[in-house]
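Listed below are the residues making up each chain.
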Amino acid sequence: MNHKIHVCLGLLIVLLIVLLGGVSVSADNKDTYAIKKYTENVQFQKDGTAQITVDMTYVFDADMHGVYFQQGLGEQVKQVGPVHAAVNDTAIQPYKGGDTGLELQSYQDTDNDEKGVRFKLHRPVKDGETICVTWQYTLSHLINAYKDVDELNWRVIGNNWDVPFENMQLTVAFPQQPLTGMQTWQHGMSATRGEWDAANGRWTFRQKNYPSQSPLELHMMMPQSVFNADAQVHRVNTDGRQKILQQEAQLKRQEQQRQRIVQTIEWILISLTALCLIFAAWLWMRTRPFVAFVRNENRVYDVPDDLAPAIVGERLSERWMPIERSLSATYMDLIARHYVTVEDDPKGKAKDRQFKLVKDPTDLADFEQQALQILFREILTIGVTRSSRKLELSEKESRRYRKQVRIYRQQLKQASQITWLNLKEILSLKKGVKFGWYLLIAIFLGQIVLLGIDERVLTAMQVYGTLAGVVLAAFVIFWCQRFLEYDYTQTGLPHALAWHQYANMLDQIGRMSEREIEEVVLWDRLLAYAVILDEGKTVAKELKKLDLQPIDAAPVNELLVAFALIGPYQIRMHTAVASTSSGSNMSFGTGGTSGGFGGSSGGGAF
């Protein structure tokens, strides 16, 4: 897979981990308690005050010191009279130190410059304990009294609740029954709407699993007959009806426009998802021949072509062949052809070995001579050696190594002359896959953003359909992209298939019968071809078990020692620099607001 796609997938995975991790951490902090029930009753009096009673049921899963409740007041609203609190119907006395009592505090919310009061109930609770808390207090000046109408603009539920309410009910009742001529608007993220009961002068809102940090704002316009002439209200010396209606009309237009924009973007995401699914289906069909190639389980026992292993690798996978695999296969081949031997290191320890050039390399191909230059790091003369103790590169040698590897790659390409790959189409498919990944990531993130903006606008079918389409397309593309590098030309396919079947034999060498082993030819170059076909570990393991001593031409022991010292993994570790190729896994085996006060209202436990 292309390196950039790896990066994109990595970023997506990291993003998901961060998002899920953040949710998990937040949940850990909040899960020390749950609010099973939240019931708030607001009873307005003729004098303009509102008597508020809040009943809450807490369930704790950790020891805590108590709970608190805070009420935002805005600029005009006041908390008047005493505040009462009770736990399990037992009244709590004012706090005078210690670990029990009701403490009243004032606060200033720095986010919206709103002042308020906080009721802090000191009362130790144990893990697993359930308590019912009742708050009772009175507010005045909630009503804005214009010349022509009265107005209530109140964020009844603020945004400072850290946990959801499993069952929530709000009731706002007025002293006049029946109460006609009332106009009511509700703002917030909840799709549930409150109900106005004109006969009883009461507005009621009920919802299960009300989410945390989700404010609910109540905006009402009512006749001036509801309250006394000298009521404790905020008097405004202007007409308010038209102002209120225009404000709500504008909010409605803005909400409708926002919903249209969200729906338009959602349908764009749905269309793009459909496009990705069509591309995924086409890619699935296009890669069927490649999959059939990979899954071909036939075996051949003879080397298909008399080519150097590195040239085989170049023709099979070209730029996607890891350079360390190509170098290692070349070294194995040169040892098998008796250009290089592996001997004990006379200056080292018992297990140290040295590589020694024992044959004139001038008749070798340029890339093979370059490979020897990379190994020995000096002028190639018969007798030159390199100890296994000195294989690891210094920083200076690493810079030189990168330059030598580029030369090796160029010389190998020249020696290969042709490729069996359909390179132009592979690159085109890879570009399409890369674009597909970018598009899927954009759709996924776009859907998450839309859900964050307002999930009420979207239907479950839209959201789940889009996400399911993204997942399905991602799965298909991820599955298919592994086979893109097996797209061979009509001329190259027979050669590639023969080498694939030869790799099948190498992969099964440990389970072959004696008769099948006897059919294997060129044991001396077997490990070199195994390395280039990514079967080096399997073949090396089995060669240790086989009795190949009668085969004089096969320096098996030297090859096994060499593979342990300069196999692909060891070369990668010794060089400690990035490969000049991109690498490959290629293997040939098997809510709006009307400006109401109370935004900082909330509560929790401590």
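Reading the values: the criteria
- Residues numbered from 1 in each chain as written.
- Predicted model: local features only at pLDDT ≥ 70, side-chain atom pairs only at ≥ 80, totals over all residues.
- Heavy atoms only, no water.
- Helix = DSSP H or I, 4+ residues; strand = E, 2+ residues; numbered from the N terminus.
- Buried < 20%, exposed > 50% of the residue type's maximum accessible area, 1.4 Å probe, protein only.
- Contact = heavy atoms within 4.5 Å.
- Phe/Tyr/Trp six-rings, centres within 6.5 Å; stacked < 30°, edge-to-face > 60°.
- Lys NZ or Arg CZ within 6 Å of the ring centre and 35° of its normal.
- 1 Å grid on protein atoms, 1.4 Å probe; cavity = no way out; pocket = protein on both sides within 12 Å on 5 of 7 lines; lining within 4 Å.
- Points joined across faces, edges and corners; volume = space filled by probe spheres on them.
- Nonpolar A, V, L, I, M, F, W, Y, C, P; charged D, E, K, R; others polar.
- pLDDT = per-residue confidence, 0-100.
- Core = buried A, V, L, I, M, F, W, Y, C linked by side-chain atoms within 4.5 Å.

Some details on the environment of Leu 327
So, step 1. Turning to its location among the elements, Leu 327 is positioned in helix 5 (residues 323–336).
So, step 2. Residue class for Leu 327 comes out buried when judged on its relative accessible area of 1%.
So, step 3. C-alpha separation for the pair Leu 327 and Gly 567, spaced 240 residues apart in sequence, amounts to 8.7 Å.
So, step 4. Those residues in contact with Leu 327 that lie beyond four places of it in its chain are Ala 371, Ile 374, Tyr 401, Tyr 408 and Ile 571.

Section: the packing of aromatic side chains
So, step 1. Inspection of the entire model under this criterion finds 26 aromatic pairs.
So, step 2. Taking the centre distance of 5.9 Å and the plane angle of 40 degrees together, the rings of Phe 293 and Tyr 486 count as tilted. Of this pair, Phe 293 sits in helix 3 (residues 288–294) while Tyr 486 sits in the loop between helix 9 (460–481) and helix 10 (492–507), and the two are 193 residues apart along the sequence.
So, step 3. The exposure class assigned to Tyr 486 is buried, which follows from its relative accessible area of 7%.
So, step 4. These aromatic residues form a ring-pair network of at least three members: Tyr 38, Phe 69, Phe 119, Trp 135, Tyr 137, Trp 161, Phe 165, Trp 203, Phe 205 and Tyr 210.
So, step 5. Of note, Arg 482 hangs over the ring of Trp 479, and the distance from its end group to the ring centre comes to 4.0 Å.

Some remarks on empty space enclosed by the protein
So, step 1. Put simply, the second largest cavity is a space of about 70 Å³.
So, step 2. As for the second largest cavity, its lining consists of Ile 374, Arg 377, Leu 393, Glu 397, Arg 400, Tyr 401 and Gln 404.
So, step 3. Per element, the largest residue contribution to the lining of the second largest cavity is four residues, and it comes from helix 7 (residues 395–416).
So, step 4. Here the residues of the lining of the second largest cavity are counted per class, giving three nonpolar, one polar and three charged.

A look at the confidence of the model for the chain
So, step 1. Taken over all residues, the pLDDT of the chain has a mean of 84, while the share at 70 or more is 86%.
So, step 2. In the predicted structure, residues 1–9 sits below a pLDDT of 50 and forms 13 contacts with residues beyond four places in sequence or in another chain.
So, step 3. Confidence drops under pLDDT 50 across residues 577–590; counting only partners more than four residues distant or on other chains, this segment forms 48 contacts.

Considering the nonpolar core
So, step 1. Core analysis: the biggest nonpolar cluster contains 96 residues, and Met 332 and Leu 527 have the highest contact counts within it.
So, step 2. For this core, the element with the highest residue contribution is helix 8 (residues 423–454), accounting for nine residues.
So, step 3. When sequence neighbours within four positions are dropped, the list of residues in contact with Met 332 reads Leu 527, Ala 528, Val 531, Leu 559, Ala 562, Phe 563 and Ile 566.

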